[in-house]
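# Chains, contacts and geometry: an overview
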Amino acid sequence: MMSNLLVVCLGNYCRSPFAQLALARRGGPHMTVRSAGLIGKWQDQPAHSAMINAARRLGRARPDGPGRRCVP
């Protein structure tokens, strides 16, 4: 069974992309994890450099693609 998970934070710039990485790794191939933000300030921007560096230190690749905005 396939599971889908959406991680949402304020800007999809630092916390939710990192959570996306961690949860996707734990979920394995049967889980699709995406992240999004509530405001569009960082929409279409790459993840925060501190998040990218933290992910590298943990041996994880950063999420592909720019930040996304969650819209109702």
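Look up a bit, the structure's there.
This write-up is about the structure you can find in this document. Small disclaimer: the values here were computed from a predicted structure and weren't measured. (Residues numbered from 1 in each chain as written. Predicted model: local features only at pLDDT ≥ 70, side-chain atom pairs only at ≥ 80, totals over all residues. Heavy atoms only, no water.)

## Re the overall build of the chain
So the rule is basically this: Only runs of H or I of at least four residues qualify as helices and only runs of E of at least two qualify as strands under DSSP, and these elements are numbered from the N terminus. By definition, residues are in contact when any of their heavy atoms lie within 4.5 Å. Residue burial considers only the protein chains on display, and all accessible areas are found by Shrake-Rupley using a 1.4 Å probe.
Regarding its fold elements, the chain presents 2 helices and 2 strands. Taken from N to C terminus, the helices and strands of the chain fall in the order β-α-β-α. Put simply, of all contacts in the chain between residues at least 6 apart along the chain, 76% involve residues at least 24 apart. Accessible surface computed for the chain: about 5,000 Å², of which carbon and sulfur atoms make up 55%.

## So, the environment of C14
Stated precisely, the cut-off is as follows: Only protein chains enter the accessibility calculation, which uses a 1.4 Å probe. A residue is then buried if its area is under 20% of the maximum for its type, exposed if over 50%, and partly exposed in between.
Within the fold, C14 resides in the loop between β1 (3-9) and α1 (15-27). For C14, a relative accessible area of 33% translates into the label partly exposed. Every residue in contact with C14, bar those within four places of it in the chain, is listed here: H48 and M51.

## Focus: the pairing of β1
Convention followed: Pairing between strands requires that DSSP locate at least two bridges from one strand to the other. Handedness of a crossover is defined as follows: orient the strands so they point away from the viewer, and if the path from the first strand over the helix to the second runs clockwise, the crossover is right-handed.
Relative to strand β2 (residues 31-37), β1 is paired through 7 bridges, and the arrangement is parallel. From the neighbouring strand, N4 faces β2, where its bridge partner is T32. For the crossover from β1 across α1 to β2, the handedness is right-handed.

## Quick notes on the side chain of S16
Mapped onto the fold, S16 is located in helix α1. Residue class for S16 comes out buried when judged on its relative accessible area of 1%. Setting aside chain neighbours within four positions, we find S16 in contact with V7, V8, C9, S35 and A36.

## As for the state of the cysteines
Two cysteines whose sulfur atoms are joined by a covalent bond form what is called a disulfide. Applied cut-off: By disulfide we mean two sulfur atoms from cysteines, separated by a distance within 2.5 Å.
Taken as a whole and assessed by the stated rule, the structure comprises 0 disulfides. Note on C9: no disulfide assigned, nearest cysteine sulfur contributed by C14 at a separation of 8.1 Å.

## Topic: the nonpolar core
Note the following rule: Note on terminology: a nonpolar core comprises buried Ala, Val, Leu, Ile, Met, Phe, Trp, Tyr and Cys residues joined through side-chain atoms within 4.5 Å.
Judged by nonpolar contacts, L21, A47, M51, I52 and A55 together constitute the single largest core of 5 residues. Element by element, the count of residues in this core is highest for helix α2 (residues 49-57), at 3 residues.

## Considering the packing of α1 against α2
What counts, and what does not: A fitted line through C-alpha atoms serves as each axis, taken over the contacting stretch for helices, and the angle formed by two N-to-C directions is quoted from 0 to 180°. Comment on the angle field: the value is read as roughly parallel under 35 degrees, roughly antiparallel over 145, roughly perpendicular from 65 to 115, and oblique elsewhere. Crossing chirality is assigned from the near helix's rotation relative to the far helix, an anticlockwise turn below a right angle marking it left-handed and a clockwise turn marking it right-handed. Only Asp, Glu, Lys and Arg are considered charged in this grouping, and only Ala, Val, Leu, Ile, Met, Phe, Trp, Tyr, Cys and Pro are considered nonpolar; every other residue, Gly among them, is considered polar.
In contact at an axis separation of 9 Å, α1 and α2 are set at 20° when each is read in the N-to-C sense. Classed by the angle they form, the pair α1 and α2 counts as roughly parallel. The handedness of the crossing between α1 and α2 comes out as right-handed. Contacts between α1 and α2 pair P17, F18 and L21 from the former with M51, A54 and A55 from the latter. Class assignment for the residues of the contact of α1 with α2 results in 6 nonpolar, no polar and no charged.

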